[in-house]
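Now for the letters of each chain:
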Amino acid sequence: QVQLVESGGGLVQAGGSLRLSCAASGLSFSTYTMGWLRQAPGKEREFVARISGAGGSTYYAMSVKGRFTISRDNAKNTVYLQMNSLKPEETAVYYCAAGRGSTVLQWGYWGQGTQVTVSS
């Protein structure tokens, strides 16, 4: 079965950095768009970043553009999210997702999430 396993979350001070990883198994990894989404307490899940199957195309939420970088290593079936200049309001559970869709991207698989806490 498909598994997405996130790691790398933790506690960091405002202005600090973290690198999240998501290891995928059970799917043809390079054929999936991979993404990161997050959900803060009491809020809806929101999109953070995504990367195309071959890694040539990336897209970011405006709130993280210039500070976060998504990348992938198809040889390792792993996607990463480098987060710099973190803000307290970015405290959330960060989820890895795998999706497909020729016209509308649909996230078909999700990881269990990793907690990121940014202290002020």
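We now turn to the structure provided with this report. (Residues numbered from 1 in each chain as written. Predicted model: local features only at pLDDT ≥ 70, side-chain atom pairs only at ≥ 80, totals over all residues. Heavy atoms only, no water.)

With respect to the environment of Gly-26
Here Gly-26 shows up in the loop between strand E3 (18-25) and strand E4 (33-39). Residues Gly-26 and Gln-3 lie 23 residues apart in sequence; the distance between their C-alpha atoms is 6.4 Å. (Helix = DSSP H or I, 4+ residues; strand = E, 2+ residues; numbered from the N terminus.)

Observations concerning the pattern of salt bridges
The full count for this structure, using the stated rule, is three salt bridges. Across the pair Arg-38 and Glu-90 runs a salt bridge, and its minimum N-O distance is 3.3 Å. Of this pair, Arg-38 sits in strand E4 while Glu-90 is found in the loop between strand E8 (78-83) and strand E9 (92-100), placing the two residues 52 residues apart along the sequence. Residue classification places Arg-38 among the buried residues on the basis of a relative accessible area of 6%. We classify Glu-90 as buried; its relative accessible area is 2%. One salt-bridge network, held together by shared partners, links Arg-38, Glu-46, Arg-67 and Glu-90. (Salt bridge = Lys/Arg side-chain N within 4 Å of Asp/Glu carboxyl O. Buried < 20%, exposed > 50% of the residue type's maximum accessible area, 1.4 Å probe, protein only.)

Digging into the sheet that holds E8
One open sheet holds the four strands; their spatial order is E1-E3-E8-E7, and the pairing between them is antiparallel. Strands at the two margins of the open sheet, each flanked by one partner only, are strand E1 (3-7) and strand E7 (68-73). With strand direction ignored, the average angle separating the axes of adjacent strands in the sheet is 15°. Strand direction decides the pairing type here: E7 and E8, joined by six bridges, are antiparallel. Counted as the bridge partner of Ser-71 is Tyr-80 from E8. (Pairing = 2+ DSSP bridges. Axes fitted to C-alpha atoms, helices over the stretch in contact; angles between N-to-C directions.)

Considering the state of the cysteines
Under the defined criterion, the tally for this structure stands at one disulfide. Here Cys-22 engages in a disulfide with Cys-96; their sulfurs sit 2.1 Å apart. Between Cys-22 and Cys-96, the S-S torsion sits near -75°, and that sign places the bridge as left-handed. Linking Cys-22 in strand E3 with Cys-96 in strand E9, this pair joins segments that are 74 residues apart in sequence. We note that Cys-22, like Cys-96, is buried. (Disulfide = S-S within 2.5 Å.)

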